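# Structural features, examined
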Amino acid sequence: MRRNDKSSLLFVLIFLLIVSVTFSIMSVEARKHHTKKSKPRPHKHQKDKHGPEPEPDSRFPSPAPAPLPRYGSYNRTKSSIFDVLSFGAKGDEVSDDTKALIAAWKAACRVAGATVEIPSEFKFLIKPITLQGPCMPNLVLQIDGTLLAPPKVGSWPKSSLFQWINFKWLHNFTIQGNGIVDGQGFEWWGGSESNSIQKKSKHIPEMKPTALRFYASYNVTVRDIKINNSPLCHLKFDRSGGIKVKNIHISSPENSPNTDGIHLQNTKDVEIQHSDIACGDDCVSIQTGCSNVHIHHINCGPGHGISLGGLGKDKSVACVSDIVVEKISLQNTLAGVRIKTWQGGIGSVKNVSFSSIQVSDVKVPIIIDQYYCDKHLCDNQTGAVAISGVEFNQIIGTYSVQPIHLACSNSVPCSDVDLIDIQLKPSSKYQSFQQALCWNSYGKSQVPLVPSSIDYCLRRDSGSVKRIARSHEHMC
C-alpha cells in the first residue's frame, strides 16, 4: 500500500516538472516572436516609444521634425477649423487671396461640421469666385475679418460680372461672424446719378455684380455679418429654400443705383428678421416664384422700402403668394410697403399682409402700382398680374408726398384689399402734398383712417372682380 502511494506521488512530481518546463519554453518563444515582430522597420524618422505607428497614408506627406509651413497644414490634422491664413492668404488688402479661400473651402467641404475661418484684423482681397457644393453638412463660413471685392471696374473679368461671391448647390450651410463683406462699389456707381449719365460712361458695364448670391441652396442661414457697398444687390437668393437671415447690417449710399439690400427670386420658406438695411434701392425685393416669406423687425432707410416686384415685365408670368411683412420701421424712404407690376404681365399676387409698419418722412407709405414703369414712358397694355388678398394694417407715421397710391389695372382690378387702422399725417418738414390716389381697387376699410379720404379708396365688389383674379391664378 505504501509502495503504491510513493509511486503515485512520484508520478505527480514528474508530471508537474514536465508542465513547468513546457510552459517556460513557450514563454521564451513568445518573447522572441514579440521582439521580432515589434522590431522597427528601416525609416528615416524615430519610432514613437509608446508603440507601433500605423502604416503611412500615401496621400499625406510624412511628418517632418521641423515646423511645417502653414499652407495646407489642415491636410495633416483632423481639425474642423480651416483658417484661410493657413492656406496661404496674406490678408494685407493688396495680395490676391482668392486661391487661398478656394483651397480652404475645398478642404472644409469634405469635413462634416467644418468651419472656414476669415480671421479678424485682416482684410482679404477676393476676386469673383464660386464656392460650391455639395459639401458635408453643417459647413460654416465664419467671417470675422473683411472680404474685399476688387475696387477697380477694369480688373473684373467680363465673364464674372453677374456676381462677386457665388454660393452654389449648398445644403445646411451658415455664414456668420462679426466681419464685413465689402463690395467696394463706388467706381461702379461713378457717373450714375442718372441712367443717361451712366450710359455715357463707357468704362462701366451695364451688368454689375451682386455681392453675395446663393443659387439652388437649401437650409441656409446668414447672420450677424455686415455687407457694404455692393456694386448692385447686396444679398441675393435664387431658386433656393429654407432661408434664414438674422441680425445682418447692409449699407450703401442713398444714391447708389439698384443696390437692393436683399433680393429674393424663385425662393420659398424664407425668414428675414432683426436687421438694419440702408441702400439705394429696395431694402427687400421679392420677385416671381416666391412664397411663404416672413419679414419682420427690419429697420429700412434710406432706400425704396419693402417691395414685391416689379412683376410681369415683358409679358412674363409672375407668381407670388403668402407673404407676411410686419413690425417694420422705415425712415426717409421712397416707398413704404408696395406691390409693383408691369403692364401686360400675367399670373397672380395673393395672400399678402403688411402690418405694424412705422413710417417717418416716407414719400408714399402705401403703394399698389399695376402701371409700374422704370422709364419716362412705357406702352399701355391691357393685361396685368392679378392682385388679390392684400391687407394693410396699422400703417402709422408721416409721409412727404402722398399717403396712399392704389393704381390698379382697368382690365384686372385689385380685389380683396383691406385698409385697417391707417394713420398717415403729412411731415412737418415738407410742403406741397398730393391727395390719396385710389383707382379700380376693391375691398374694405376699417377705422381709424387718416386722412379720412382713405375711407373712400376702396370699392365694393359684387363678385365679378374676384372671378377675374381667380382666372389668373391657374397660371401659377
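The sections below set out a description of the structure shown in this document. Computed from a predicted model, the values in this text were never measured in an experiment.

### A short note on the sheet that holds strand β14 (residues 235–238)
Taken in spatial order, the 11 strands make up an open sheet running β5-β8-β11-β14-β17-β19-β21-β23-β25-β27-β29, and their pairing is parallel. Pairing within the sheet leaves two strands with one partner each, and these edge strands are β5 (129–132) and β29 (437–439). Put simply, the sheet's adjacent strands are angled 15° from each other on average, direction ignored. For strand β23 (residues 335–342) and strand β25 (residues 364–372), the ladder comprises 6 bridges, and the chain directions are parallel. Bridge pairing links R338 to I367 in β25. The strands that helix α2 (residues 98–109) touches are β5 and β8 (163–168); relative to β5, the one it contacts most, it runs at about 10°.

### A few points about the side chain of S240
With respect to the helices and strands, S240 occurs in the loop between β14 and β15 (241–246). In contact with S240, other than residues within four places in its own chain, are F214, Y215, A216, S217, Y218, N266, T267 and K268.

### Focus on the pairing of β15
Examined bridge by bridge, strand β12 (residues 218–223) and β15 share 5 bridges and lie parallel to one another. Across the sheet, V220 pairs through a bridge with I243, a residue of β15. One ladder, built from 5 bridges, connects β15 with strand β18 (residues 268–278); its direction is parallel. Bridge pairing links K244 to E271 in β18.

### Notes on the environment of S95
Relative to the helices and strands, S95 is located in strand β2 (residues 92–96). Judged by its relative accessible area of 23%, S95 is partly exposed. Between the alpha carbons of S95 and L125 there is a distance of 6.4 Å; along the sequence they are 30 residues apart. Excluding its chain neighbours within four sequence positions, the residues that come into contact with S95 are K90 and L125.

### Considerations on the side chain of T259
Relative to the assigned elements, T259 resides in the loop between β16 (249–251) and β17 (262–265). Classification of T259 as buried rests on a relative accessible area of 0%. A polar side-chain atom of T259 sits 2.8 Å from a polar atom in the side chain of S256. A distance of 2.9 Å separates a polar side-chain atom of T259 from the backbone nitrogen of G280. In this view, T259 contacts W189, S230, P231, L232, C233, H234, S252, C279, G280 and D281; residues no more than four positions away in its chain are not counted.

### A few points about the packing of aromatic side chains
Describing an aromatic ring pair means giving the distance of the ring centres and the angle of the ring planes. For the structure shown, the criterion picks out 13 aromatic pairs. With a centroid separation of 6.2 Å and 55° between ring planes, the pair formed by W105 and F167 is classed as tilted. Of the two residues, W105 is situated in helix α2 and F167 in strand β8; the sequence distance between them amounts to 62 residues. Seen from their ring centres, F167 and F173 are 5.6 Å apart, and the 35° between their planes marks the pair as tilted. There is no split in this pair, since F167 and F173 are both buried.

### Focus: the pairing of β18
The pairing of β16 with β18 spans 3 bridges and is classified as parallel. From the neighbouring strand, S251 faces β18, where its bridge partner is A278. Here β18 runs beside strand β20 (residues 290–300); their pairing, made up of 8 bridges, is parallel. By the bridge assignment, I277 is partnered in β20 with C300.

### With respect to unusual backbone geometry
In this structure, P134 follows G133 across a cis peptide bond, with omega equal to 5°. As for its position among the elements, P134 is in the loop between β5 and β6 (139–143). For D421, which is not glycine, the phi torsion reads 50° and is therefore positive. With respect to the element layout, D421 can be found in strand β28 (residues 414–426).

### Some thoughts on helix α5 (residues 464–473)
Of all the residues in α5, the buried ones are V465, A469 and H472. Buried residues along α5 cover an arc of 60° about the axis, so they all sit on one side. On its buried face, α5 is in contact with β24 (346–362), β26 (386–399), β28 and β30 (441–450).

Parameters and conventions
- Residues numbered from 1 in each chain as written.
- Predicted model: local features only at pLDDT ≥ 70, side-chain atom pairs only at ≥ 80, totals over all residues.
- Heavy atoms only, no water.
- Pairing = 2+ DSSP bridges.
- Helix = DSSP H or I, 4+ residues; strand = E, 2+ residues; numbered from the N terminus.
- Axes fitted to C-alpha atoms, helices over the stretch in contact; angles between N-to-C directions.
- Contact = heavy atoms within 4.5 Å.
- Buried < 20%, exposed > 50% of the residue type's maximum accessible area, 1.4 Å probe, protein only.
- Polar contact = N/O pair within 3.5 Å; in protein donor to acceptor, adjacent residues only side chain to side chain.
- Phe/Tyr/Trp six-rings, centres within 6.5 Å; stacked < 30°, edge-to-face > 60°.
- Arc of directions from axis to C-beta.

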